[in-house]
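The residues making up each chain are set out below.
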Amino acid sequence: MTAPSLPAAEPAAPAIPVTWADPGRAAAFDAWLAGIAGAHGLLPESVRLASADASFRRYLRVDAAGAAGTRIVMDAPPEKENSEPFVQIARLMAEAGVKAPQVLEWDRANGFLLLDDLGRQTMLDVIDPARPEASRPLYGQAIDALIRWQLASRPGVLPPYDRALLERELALFPEWYIGRHRGVAIEGKLKERLERSFKLIVESNLASPSVYVHRDFMPRNLMIGNGTALGVLDFQDAVYGPITYDIASLMRDAFLSWDE
């Protein structure tokens, strides 16, 4: 059966110039980009900000001559961000048949990576919450990608999603939501109920079959490109853990959840 085509890509947003807090890092970037520009047909004068995430990483977009279109540069200061997991997991995803950014160049010492560009539009951008049936083909493609990723799983390759990590992540809920956001003291029966519930959640997850877990597999990290496959981003924190985690993230996204 032919895969359904994806929506057309949105028009390019206005270019945002790149600023640098550290002149030395700016100079290192300019030298690196100039050194690889010829091999990849890059136009260094076209560099602009693409996006930033909830870390010290940010992403720049640069034009390339001819049919290459555009490329993405990851700016990840090595003293603050370890790019090794990103490079490793990008390779694992490609081996699994999942569309992920290809690492074209890597300046390990300075934390600059040249990647292919999976587009500007996320799956979240094109979903209409009022028309769930219209979104089914996109979710089907997302599930297909997830299954390919899980089928490629092997123990001992990625860090384990173990008890310590599960408990650390569960602890964010009472600390940030109940305590800081709602201003509720966590004590007495509430504390006992949370501890009891968290213990059941941890035991259930540890008893599940283990596979590769993206840990943020949701529509805002799935990219609409020019083909018929969704691209996958933000995978550098992947681990080996419960098979149900990523499908729950996809269907019970913090930004968009669906009825049963």
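Thresholds, definitions, all that
- The written sequence of each chain sets the order in which its residues are numbered from 1.
- For a predicted model such as this one, the threshold for reporting local features is a pLDDT of at least 70, and the threshold for listing and counting side-chain atom pairs is 80 or more; totals across whole chains, interfaces and linings nevertheless cover every residue.
- Only hydrogens and water are set aside; all other atoms, that is, all heavy atoms of the structure, feed into the side-chain values.
- By definition, any uninterrupted DSSP run of H or I lasting at least four residues is a helix, any uninterrupted run of E lasting at least two residues is a strand, and each is numbered from the N terminus.
- Nitrogen and oxygen atoms within 3.5 Å of one another constitute a polar contact, given that in protein one can donate a hydrogen and the other can accept it, and given that sequence-neighbouring residues count only through two side-chain atoms.
- As a per-residue measure, pLDDT reflects the predictor's confidence and takes values from 0 up to 100.
- By the convention used here, residues are in contact when the closest approach between their heavy atoms is within 4.5 Å.
- Stacked, edge-to-face and tilted labels apply to pairs of Phe, Tyr and Trp rings (six-membered ring for Trp) whose centres lie within 6.5 Å, assigned for plane angles under 30 degrees, over 60, and everything in between, in that order.
- Classification of residues uses two cut-offs on accessible area relative to the type maximum, computed with a 1.4 Å probe and protein chains only: under 20% is buried, over 50% is exposed, and between them is partly exposed.
- In this scheme, the term charge over a ring applies when either NZ of a lysine or CZ of an arginine sits within 6 Å of the ring centre and within 35 degrees of the ring normal.
- To qualify as a nonpolar core, a set must consist of buried Ala, Val, Leu, Ile, Met, Phe, Trp, Tyr and Cys residues joined through side-chain atoms within 4.5 Å.
- Being paired, for any two strands, means DSSP has found at least two bridges between them.
- Expected helix span is taken as 1.5 Å per residue step, with the number of steps being one fewer than the number of residues.
- In this description, one arc is meant: the one made by directions from the helix axis to the C-beta atoms.

**Examining the side chain of Ser-153**
- Looking at the element boundaries, Ser-153 is found in the loop between helix H4 (132-151) and helix H5 (163-170).
- Side-chain polar atoms of Ser-153 contact the backbone oxygen of Gln-150, separated by 2.6 Å.
- A polar contact is formed between the side chain of Ser-153 and the backbone nitrogen of Tyr-212, at a distance of 2.7 Å.

**Side note on the confidence of the model for the protein**
- The pLDDT averaged across the protein works out to 91; a share of 92% of its residues lies at or above 70.
- Contacts for the low-pLDDT stretch residues 1-6, under 50 throughout, to residues beyond four places or in other chains number 13 contacts.

**What about the packing of aromatic side chains?**
- The full count for this structure, using the stated rule, is 11 aromatic pairs.
- Arranged with centres 6.4 Å apart and planes meeting at 90°, the rings of Trp-20 and Phe-112 form a pair that is edge-to-face. Taken together, the positions of Trp-20 in the segment before helix H1 (23-40) and Phe-112 in strand S5 (residues 112-116) put the pair 92 residues apart, joining distant regions of the chain.
- Relative accessible area serves as the criterion here: at 23%, Trp-20 is assigned to the partly exposed category.
- Among the aromatic residues, those joined into a ring-pair cluster are Trp-20, Phe-29, Trp-32 and Phe-112.
- The side chain of Arg-58 reaches across the aromatic face of Trp-20, ending 4.5 Å from its centre.

**Topic: the nonpolar core**
- Among the nonpolar cores identified, the biggest contains 35 residues, and Met-93, Met-123, Trp-149, Leu-158, Leu-222 and Phe-235 are the most heavily contacted of them.
- A total of 6 residues in this core trace back to one element, the largest contributor, which is helix H2 (residues 84-95).
- Residue contacts for Trp-149: discarding those within four places in its chain leaves Ile-89, Leu-92, Met-93, Ala-96, Val-98, Leu-158, Tyr-212, Val-213, His-214, Ala-238 and Asp-246.
- Of all hydrophobic cores here, the second largest spans 13 residues; its members include Leu-33, Ala-37, Leu-60 and Leu-114.

**Looking at the environment of Val-87**
- Take Val-87: it is sitting in helix H2.
- Residues Val-87 and Met-74 lie 13 residues apart in sequence; the distance between their C-alpha atoms is 11 Å.
- Once you skip the residues sitting within four places of it in the chain, Val-87 turns out to touch Val-103, Trp-106 and Leu-113.

**Comments concerning the pairing of strand S2 (residues 58-64)**
- Burial analysis of S2 places 6 of its 7 residues in the buried class, which makes it a mostly covered element.
- As paired elements, S2 and strand S3 (residues 69-75) share 7 bridges and run antiparallel to each other. The partner of Leu-60 across the bridge, within S3, is Val-73.

**Regarding the sheet that holds strand S6 (residues 121-122)**
- Spatially, S6-S8-S9 is the arrangement adopted by the 3 strands of the open sheet, whose pairing is antiparallel. At either end of the open sheet lies a strand with only one pairing partner, and these are S6 and strand S9 (231-232).
- The pairing of strand S8 (residues 222-224) with S9 spans 2 bridges and is antiparallel. Counted as the bridge partner of Leu-222 is Val-232 from S9.

**Some points on helix H7 (residues 188-207)**
- If you check H7, its first and last C-alpha atoms are 29 Å apart, about what 20 residues at 1.5 Å a residue would give, namely 28 Å.
- Those residues of H7 that are buried lie in contact with H5, helix H6 (172-181) and strand S10 (239-242).

**Quick word on H5**
- Among the residues making up H5, those that are buried are Leu-165, Leu-166 and Leu-170. End-on view of H5: buried residues confined to an arc of 130°, all on one side of the axis.
- Residues of H5 that are buried sit in contact with H6, H7 and S10.

**Concerning the pairing of S3**
- In terms of burial, S3 is a largely internal element, 6 of the 7 residues being buried.
- Here S3 runs beside S5; their pairing, made up of 5 bridges, is antiparallel. Residue pairing in the sheet places Ile-72 in a bridge with Leu-115 of S5.

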